[in-house]
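Analysis of the macromolecular model
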Amino acid sequence: MPEPEQNPGLSQARVVAYQHPELDGVLLCREHGENWDGPIPLTAGDLPHGGFCGWGPPDDMHVCGRALPAKKPSR
């Protein structure tokens, strides 16, 4: 996965997901990532192939699984 934009002034409108700060490759949708400290904001450009939200209780088999938008291909 490419390095996410490390811009603290990143417009919330452009944020499509968050990267977990400690668990490599774990992505969170806006609903599950924006209300706690630490997640790294990502834009669709940071996710060329999209992804899925991995939020879920550690002792439960249920995860959010919401699809995260991918970067739109150039024409």
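Right, let's walk through the structure included here. (Residues numbered from 1 in each chain as written. Predicted model: local features only at pLDDT ≥ 70, side-chain atom pairs only at ≥ 80, totals over all residues. Heavy atoms only, no water.)

What the rule picks out here adds up to zero disulfides. Summary of cysteine pairing: Cys 53 is not part of a disulfide, and the nearest cysteine sulfur, belonging to Cys 29, is at 3.7 Å. The class for Cys 53 is buried, based on a relative accessible area of 2%. (Disulfide = S-S within 2.5 Å. Buried < 20%, exposed > 50% of the residue type's maximum accessible area, 1.4 Å probe, protein only.)

Moving on, we get to the sheet that holds strand S3 (residues 40–42). If you trace the three strands from one edge of the open sheet to the other, you get S2-S1-S3, paired in antiparallel fashion. Since the sheet does not close on itself, it has two edges, and those belong to strand S2 (27–29) and S3, each with one partner. Each strand of the sheet is rotated relative to its neighbour by a mean of 35°, with strand direction disregarded. Across three bridges, strand S1 (residues 17–19) lies against S3 in antiparallel orientation. What sits directly across from Ala 17, in S3, is Leu 42. (Pairing = 2+ DSSP bridges. Helix = DSSP H or I, 4+ residues; strand = E, 2+ residues; numbered from the N terminus. Axes fitted to C-alpha atoms, helices over the stretch in contact; angles between N-to-C directions.)

Counting eleven residues, the largest nonpolar core is built from Val 15, Val 16, Ala 17, Tyr 18, Leu 27, Leu 28, Cys 29, Leu 42, Leu 47, Cys 53 and Leu 68. Sorting the residues of this core by element identifies S1 and S2 as the ones contributing at least two each. In terms of residues, this core owes the most to one element, S2, which gives three residues. (Core = buried A, V, L, I, M, F, W, Y, C linked by side-chain atoms within 4.5 Å.)

Following the criterion strictly, the structure yields two salt bridges and no others. When the shortest N-O distance is used, the salt bridge between Glu 31 and Arg 66 registers 3.0 Å. Note that Glu 31 is positioned in helix H1 (residues 30–33) and Arg 66 in the loop between strand S4 (51–52) and strand S5 (67–68), a separation of 35 residues in sequence. (Salt bridge = Lys/Arg side-chain N within 4 Å of Asp/Glu carboxyl O.)

On to the environment of Cys 53, then. Relative to the elements of secondary structure, Cys 53 occurs in the loop between S4 and S5. Taking C-alpha positions, Cys 53 is 7.0 Å from Leu 68, a pair spaced 15 residues apart along the chain. In contact with Cys 53, not counting residues within four places along its chain, are Leu 27, Leu 28, Cys 29, His 32, Cys 64, Gly 65, Arg 66 and Leu 68. (Contact = heavy atoms within 4.5 Å.)

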